[in-house]
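Examining the three-dimensional arrangement
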Amino acid sequence: MAKRHKTKKKRPPFGIPREIILLSGQDVWPYTFIADDSGGGCGKVAMPTDTALEDVQAAVFTPLADLTRTFHGVEIGIVWSPLTPDSWVGRISSITTDRADSQQI
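Source: prediction; values computed, not measured.

In terms of helices and strands, the protein carries 2 helices and 5 strands. Across the protein, helices and strands are ordered from the amino to the carboxyl terminus as β-β-β-α-β-β-α. Looking at the protein as a whole, 28% of its 105 residues qualify as buried. Surface accessibility of the protein: about 7800 Å² in total, with carbon and sulfur atoms responsible for 55%.

Another aspect to go through is the nonpolar core. Among the nonpolar cores identified, the biggest contains 16 residues, and Ile-20, Leu-22, Trp-29, Leu-64 and Ile-76 are the most heavily contacted of them. Put simply, the parts of the chain that give this core at least two residues each are strand S1 (17-23), strand S2 (29-35), helix H1 (53-72) and strand S5 (87-94). Excluding anything up to four places from it in sequence, Leu-64 contacts Phe-14, Pro-17, Ile-20, Phe-33, Ile-76 and Ile-92.

The next thing to look at is the sheet that holds S1. An order of S3-S2-S1-S5-S4 is seen for the 5 strands of this open sheet, with the pairing classed as antiparallel. Two strands bound the open sheet, and with one partner strand each, they are strand S3 (40-45) and strand S4 (76-84). Ignoring which end each strand starts from, the neighbouring axes of this sheet average 20° apart. As paired strands, S1 and S5 are joined by 5 bridges and run antiparallel to one another. Across the sheet, Ile-20 pairs through a bridge with Gly-90, a residue of S5. Of the strands in this sheet, S1, S2, S3, S4 and S5 are in contact with H1, which crosses S1 at around 150°.

Once that is clear, we can look at the packing of aromatic side chains. Going through the model one piece at a time under the given rule, you end up with 1 aromatic pair. Where Trp-29 meets Trp-88, the ring centres are 6.2 Å apart and the plane angle is 40°; that geometry is what we call tilted. Linking Trp-29 in strand S2 with Trp-88 in strand S5, this pair joins segments that are 59 residues apart in sequence. With respect to class, Trp-29 is no different from Trp-88; both count as buried.

Definitions and cut-offs
- Residues numbered from 1 in each chain as written.
- Predicted model: local features only at pLDDT ≥ 70, side-chain atom pairs only at ≥ 80, totals over all residues.
- Heavy atoms only, no water.
- Helix = DSSP H or I, 4+ residues; strand = E, 2+ residues; numbered from the N terminus.
- Buried < 20%, exposed > 50% of the residue type's maximum accessible area, 1.4 Å probe, protein only.
- Areas by Shrake-Rupley, 256 points an atom, 1.4 Å probe, with all protein chains shown as cover.
- Core = buried A, V, L, I, M, F, W, Y, C linked by side-chain atoms within 4.5 Å.
- Contact = heavy atoms within 4.5 Å.
- Pairing = 2+ DSSP bridges.
- Axes fitted to C-alpha atoms, helices over the stretch in contact; angles between N-to-C directions.
- Phe/Tyr/Trp six-rings, centres within 6.5 Å; stacked < 30°, edge-to-face > 60°.

Set out below in structure tokens:
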């Protein structure tokens with residue numbers, strides 16, 4: 001009889017994001033995100049300086065929302081506000097979806 005190897009469930013590489021700090025830059029927009037487990041990460045978005053702010057914010061948030069959905073099964077939303085003249089903070093919250101209505105026959 002063959003034995004099955006026990007597989008451990010992998011821990012997600014980060015917790016659910018709570019905040020993003022976005023800085024303006026020249027052709028590169030650096031950002032940092034903070035997650036609920038005191039973790040987080042950082043990165044850069046390569047976009048020209050004259051790109052619309054909403055486009056840069058979407059380029060930062062969309063992949064993070066996709067990863068959160070994949071790793072945690074949670075939908076998140078964001079509200080951006082200015083922090084300084086050249087930086088912005090995005091407050092992230094979970095979006096509640098009513099799945100019970102969609103599962104009823």
